[in-house]
Amino acid sequence: MGTSRSFRLRVRASVLCCALLLIICAPSVSTATSQSVAAQAPHAKASRDINVVMIVFDEAMLSPLLRTDGTINRKRFPGFAALADTTTWYRNMMGTSQRTTEAVPSILGGRWPSLKKYPILRDHPNNLFTYMQDKKDLNVYQAVTKLCPKGVCPNAGPLYFRLVDRQVQRFEEFIEASASSTTPTLHFTHLLLPHRPWGLAPDVRLSPDLVQFADRRSERLVDRRRDNYQSMLRQYVATDTLLLEFINKLKASPNWDNTMLVVTADHGITFVPGESYRDKININNPGTLEDIYRVPLFIKYPLQTKSSISDCPASSIDILPTIIATNGVTPSWTTEGANLRRTCPLRTSRIVQWPYSTTQISTGFSAVLERVRYYDQWIDANGDVDDIYRVQLSGRLLGKRAPTTAPANVSVTWTLNGAENYQKVGTGRLGPVPTRASGTLTTQSRLCQRCEGLIAVNGRFVGTLPELAGMTPEMGALPFSSSLMSRFIQPGDNRVELWVVDWTGTKPVMTLVGAPQKVSDGSK
């Protein structure tokens, strides 16, 4: 796997506290869409003999997957694009709760969530697992919930099972199992991806200091929220890398045609400055509701050969009744959702919940496009993976070589947290690599309003520091954070330097600050 035992132990210890957070923490249907969905129905007969393969991602917003025209950005997310090419994409989908402990039971039980219930079997006796237990083999991974009967399938395990490296390994195991099963099986996994902490690089290497260095900047700063949005996108791309591997392997197996595939998420997350990521809901800022409750939903029905798009007002509660109808055996209990395979729910609004209130959202897919345009102001929604890092004026220089000679900048100094990690870079999946640079900046003289910083590794620009713009000596040690184009960071003696770029004139003027100052452990 390209990583050592000692490195994994360090990673697990550093992110254990983040795992604890998981505990607490009228649309129309076009004629073309209606015909497309209906065309699939004759080829998707209900059958007990099918495999059901279901992935529930976590903190997975819908809008980052999209271009500004509403299509999947296949340059950045080829895995989700492959899903859209082979499934029915319910792009007007909405989750029910901003907490996993209510959202996942709602998905698995087909009922609106209740805060009076815990995510355990006793409170949700009628669910996907109890329905399938005497009908198929069960291969189940629950990251948080405990909805399986004893001896039938495993429930959520210890907290360290939720760590990022474990989630990647769970996905890899799931890929192998779903492609190789020889009897009708329910394969279910709830993966804490692209959930915080955001440590994965697009190539699925892993940052060794996920939570070691806290970001001291205000949550009201656009720079901080944009940096976090970049970090989430990195991990979303890594998740997509695994998803594409999953799709390719399943399609190459004998199970593809006879499989019902469901890919969705429990909830999203918002990055609007000054707002809670999702713990607290502000109904006076409706855009945040779209971020938190809009999630992907892709369903491939057995023998489905053509892709389609549905604008039906789907909800998480519709997934289980759709699986039940496709499996062909009606249970003795009922759900509150609709069978999306045959029906477009006649909903003018959908209920969403948070502690301790609810509201109804009546928007359609156009509201998702508004969120795409909102975040496009920060990160090019139509760009590729490298464009995730290209922010502000200096973003266009990322990936390029720094000048071989340049004047020295004697005014600016900087510190770099975890500088030793740049000398401990690994290769292969889960190998250690810095994905985010953080530290402090100081200056002895006022910097221009169009001055920015650039981080270079071995003479190649890999990260931007817009925080330098307009900086003055009176600001003291200014904290910074920068997402790093980590594909250029490889094993070896890595030289890390800071540059200052002045964009005031017609051409950028660069000066070299050089290596970071050394800091003691107590000043990090």
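Here the structure is shown first, and the text comes after it.
We now turn to the structure provided with this report. (Residues numbered from 1 in each chain as written. Predicted model: local features only at pLDDT ≥ 70, side-chain atom pairs only at ≥ 80, totals over all residues. Heavy atoms only, no water.)

With that settled, consider the overall build of the protein. Along the protein, the regular secondary structure elements total 10 helices and 16 strands. A compact globule built from 524 residues would reach a C-alpha radius of gyration of about 24 Å, and the protein, at 24 Å, matches this within 12%. Judged by the C-alpha coordinates and their principal axes, the protein covers about 75 × 45 × 45 Å. Residues counted as buried form 60% of the 524 residues belonging to the protein. As presented, the protein carries roughly 20400 Å² of accessible surface, and 51% of it is formed by carbon and sulfur atoms. With 60 positive and 44 negative side-chain charges, the protein shows a separation of 2 Å between the mean positions of the two kinds. (Helix = DSSP H or I, 4+ residues; strand = E, 2+ residues; numbered from the N terminus. Rg over C-alpha atoms; globule rule 2.2 N^0.38 Å. Buried < 20%, exposed > 50% of the residue type's maximum accessible area, 1.4 Å probe, protein only. Areas by Shrake-Rupley, 256 points an atom, 1.4 Å probe, with all protein chains shown as cover. Lys, Arg positive; Asp, Glu negative; His and termini not counted. Charge placed at Lys NZ, Arg CZ, Asp CG, Glu CD.)

On to the sheet that holds strand β3 (residues 137–141), then. Spatially, β3-β4-β1-β5-β6-β2-β7 is the arrangement adopted by the seven strands of the open sheet, whose pairing is mixed. Looking at which strands have only one partner, the edges of the open sheet turn out to be β3 and β7 (308–310). Each adjacent strand pair in this sheet contributes to an overall mean axis angle of 10°, direction not counted. Of the strand pairs in this sheet, strand β2 (residues 88–90) and strand β6 (residues 297–300) are connected by two bridges, and their pairing is antiparallel. Within β6, the residue paired with T88 across the bridge is I299. Contacting β1 (51–57), β5 (259–265) and β6, helix α3 (residues 78–86) runs over the sheet at an angle of about 50° to β6. The sheet contacts of helix α4 (residues 100–109) involve β1, β4 (185–190) and β5, and relative to β4 the element is tilted by about 160°. (Pairing = 2+ DSSP bridges. Axes fitted to C-alpha atoms, helices over the stretch in contact; angles between N-to-C directions. Contact = heavy atoms within 4.5 Å.)

With an omega of 0°, the peptide bond running from L193 to P194 counts as cis. By the secondary structure assignment, P194 is in the loop between β4 and α7 (222–252). Look at the link from R196 to P197: it is a cis peptide, with omega at 0°. Along the polypeptide, P197 turns up in the loop between β4 and α7. Not every positive phi belongs to a glycine, and L303 is a case in point at roughly 70°. When you line up the elements, L303 lands in the loop between β6 and β7. Not every positive phi belongs to a glycine, and N458 is a case in point at roughly 55°.

The next subject is helix α6 (residues 164–180). Two residues of an α-helix separated by three or four positions point the same way, owing to the 3.6 residues in each turn. In a regular helix each residue adds 1.5 Å, so 17 residues correspond to 24 Å; α6 covers 25 Å between its end C-alpha atoms and thus fits that length. When we look at burial in α6, the residues that qualify are V164, D165, Q167, V168, Q169, F171, E172, F174, I175, S178 and A179. (Expected span 1.5 Å × (residues − 1).)

Further remarks concern empty space enclosed by the protein. Leftover empty space is mapped by rolling, across the atoms, a probe with the size of a water molecule. Taken as a whole, the second largest cavity holds about 70 Å³ of empty space. Lining the second largest cavity, in full, are S63, P64, L66, R76, Y229, L233, R371, V372, Y375, D376, I379 and A381. In terms of residues, the lining of the second largest cavity owes the most to one element, helix α10 (residues 365–376), which gives four residues. Looking at the lining of the second largest cavity, its residues break down into eight nonpolar, one polar and three charged. (1 Å grid on protein atoms, 1.4 Å probe; cavity = no way out; pocket = protein on both sides within 12 Å on 5 of 7 lines; lining within 4 Å. Points joined across faces, edges and corners; volume = space filled by probe spheres on them. Nonpolar A, V, L, I, M, F, W, Y, C, P; charged D, E, K, R; others polar.)

Here G431 is to be found in the loop between β10 (412–416) and β11 (436–443). The sequence separation of G431 and Q392 amounts to 39 residues, and the corresponding C-alpha distance is 30 Å.

Glancing now at the pattern of salt bridges. Applying the stated criterion across every chain, the model contains 27 salt bridges. The partner of D215 in a salt bridge is R224, and the shortest N-O contact between them spans 3.7 Å. Taken together, the shared-partner salt bridges connect D215, R217, E219, R224, R225, D227 and E467 into one network. (Salt bridge = Lys/Arg side-chain N within 4 Å of Asp/Glu carboxyl O.)

This part is about the packing of helix α8 (residues 286–293) against α10. The contact between α8 and α10 brings their axes to 10 Å, and the two run at 100°. It follows that α8 is roughly perpendicular to α10 by the angle criterion. Facing α8, whose interface residues are G287, E290 and D291, α10 presents A367, R371 and Y375. (Parallel < 35°, antiparallel > 145°, perpendicular 65-115°, else oblique.)

Before going further, it helps to spend a moment on the state of the cysteines. Going through the model one piece at a time under the given rule, you end up with three disulfides. Residue pairing for C148: its cysteine sulfur links by disulfide to C153, the two sulfurs lying 1.7 Å apart. Looking along the S-S bond of the C148-C153 disulfide, the torsion reads about -90°, which is the left-handed sense. By relative accessible area, which is 3% here, C148 ends up buried. What links to what in the protein: the bonded cysteines, counted in sequence order, pair as 1-2, 3-4, 5-6. (Disulfide = S-S within 2.5 Å.)

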